[in-house]
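So the chains spell out like this:
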Amino acid sequence: MSLSSVPSTLDNATHVVLDEKVNQHAGPYVVDSPLSYYISLLQTIMQSSNGTLDPTYNSFCAVHALLATQPALVAMLDATRKSESYRDIRNLGRLLTKSLLTSLQRMASP
């Protein structure tokens, strides 16, 4: 599955609260290895998603495999890290729970 965005299921205020959670957790870490940092960052985003993102990606191995096959995601993580806003990551269809993605697809069908 590609890294295409889907409509947000969260309101702006919720995105701000979730961004703050991610920044509090990820902020104090020194970047020893960019890949390990991005794995940790994505896991933190996943864990701070109010259950909208697929828990499969809470696993180090699953996130490592995803980043290895989706280099564009590393660039997105870098951009969102710099902006300290992770909405674009939370809106990636590939990362959503299957039930939420199915619901969004049904809503989008004519």
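Novice: Describe the packing of helix α2 (residues 34-47) against helix α4 (residues 71-83), listing the residues and the values that go with them.
Specialist: A pair of packed helices is captured by two measures, namely the crossing angle of their axes and the spacing between those axes. Axis separation between α2 and α4 bottoms out at 10 Å; the angle between their running directions is 75°. On the basis of their axis angle, the class for α2 and α4 is roughly perpendicular. In contact with Tyr-37, Tyr-38, Leu-41, Leu-42 and Ile-45 of α2, α4 contributes Leu-73, Val-74, Leu-77, Asp-78 and Arg-81. Partitioned by chemical class, the residues of the contact of α2 with α4 number 8 nonpolar, no polar and 2 charged.

Novice: Talk me through the pattern of salt bridges; I want residue IDs and the actual numbers.
Specialist: On inspection of all chains with the given rule, the structure shows 4 salt bridges. For Asp-54, the salt bridge identified is with Lys-98, shortest N-O distance 3.7 Å. With Asp-54 in the loop between α2 and α3 (60-69) and Lys-98 in helix α6 (residues 98-108), this pair connects stretches of sequence that are 44 residues apart. On the basis of relative accessibility, which here comes to 11%, the residue Asp-54 falls in the buried class. Take Lys-98: its relative accessible area is 63%, and that puts it in the exposed class. A salt bridge links Asp-78 to Lys-82, with the nearest nitrogen and oxygen atoms 3.0 Å apart. Here Lys-82 and Asp-78 lie together in helix α4, a separation of 4 residues that amounts to about one turn.

Novice: A description of the packing of aromatic side chains should follow, citing residues and the corresponding values.
Specialist: Geometry of an aromatic ring pair is reported as the spacing of the ring centres plus the angle between the planes. Taken as a whole and assessed by the stated rule, the structure comprises 1 aromatic pair. Ring geometry for Tyr-37 against Tyr-38: centres 5.6 Å apart, planes inclined by 70°, an arrangement best described as edge-to-face. Residue Tyr-37 shares its accessibility class with Tyr-38, and that shared class is buried.

Novice: So, the nonpolar core: which residues are in play, and what are the values?
Specialist: Counting residues in each nonpolar core, the largest one holds 25 residues, and the members touching the most others are Leu-42, Leu-77 and Leu-95. In terms of residues, this core owes the most to one element, α2, which gives 7 residues. The residues contacting Leu-42, other than those within four sequence positions of it, are Val-63, Leu-66, Leu-67, Leu-73, Leu-77, Ile-89 and Leu-95.

Reading the values: the criteria
- Here the residue numbers are simple positions, counted from 1 along each chain's written sequence.
- Given that the model is predicted, a residue must reach a pLDDT of at least 70 before its local features are reported, and side-chain atom pairs must reach 80 or more before they are shown or counted; all residues, however, enter totals for whole chains, interfaces and linings.
- The side-chain figures draw on all heavy atoms in the structure; neither hydrogens nor water molecules are used.
- The angle between two axes is taken between their N-to-C directions and runs from 0 to 180 degrees, where each axis is a line fitted to C-alpha atoms and a helix contributes only its stretch in contact.
- The helix count covers DSSP runs of H or I at least four residues long, the strand count covers runs of E at least two residues long, and both are numbered beginning at the N terminus.
- Any angle that falls under 35 degrees is termed roughly parallel, while one over 145 is termed roughly antiparallel, one within 65 to 115 roughly perpendicular, and all others oblique.
- Residue contacts are defined here by distance: any two heavy atoms, one from each residue, within 4.5 Å place the two residues in contact.
- Put simply, Ala, Val, Leu, Ile, Met, Phe, Trp, Tyr, Cys and Pro go in the nonpolar bin, Asp, Glu, Lys and Arg in the charged bin, and everything else, Gly too, in the polar bin.
- Here, a salt bridge means any Lys or Arg side-chain nitrogen found within 4 Å of an Asp or Glu carboxyl oxygen.
- Summary of the burial criterion: residues with accessible area below 20% of their type's maximum are buried, those above 50% are exposed, and those between are partly exposed, where the area comes from a 1.4 Å probe applied to protein chains only.
- When two rings of Phe, Tyr or Trp (its six-membered ring) have centres within 6.5 Å they constitute a pair, described as stacked for plane angles under 30 degrees, edge-to-face for angles over 60, and tilted for the intermediate range.
- Among buried residues, the Ala, Val, Leu, Ile, Met, Phe, Trp, Tyr and Cys ones that are joined through side-chain atoms within 4.5 Å form a nonpolar core.

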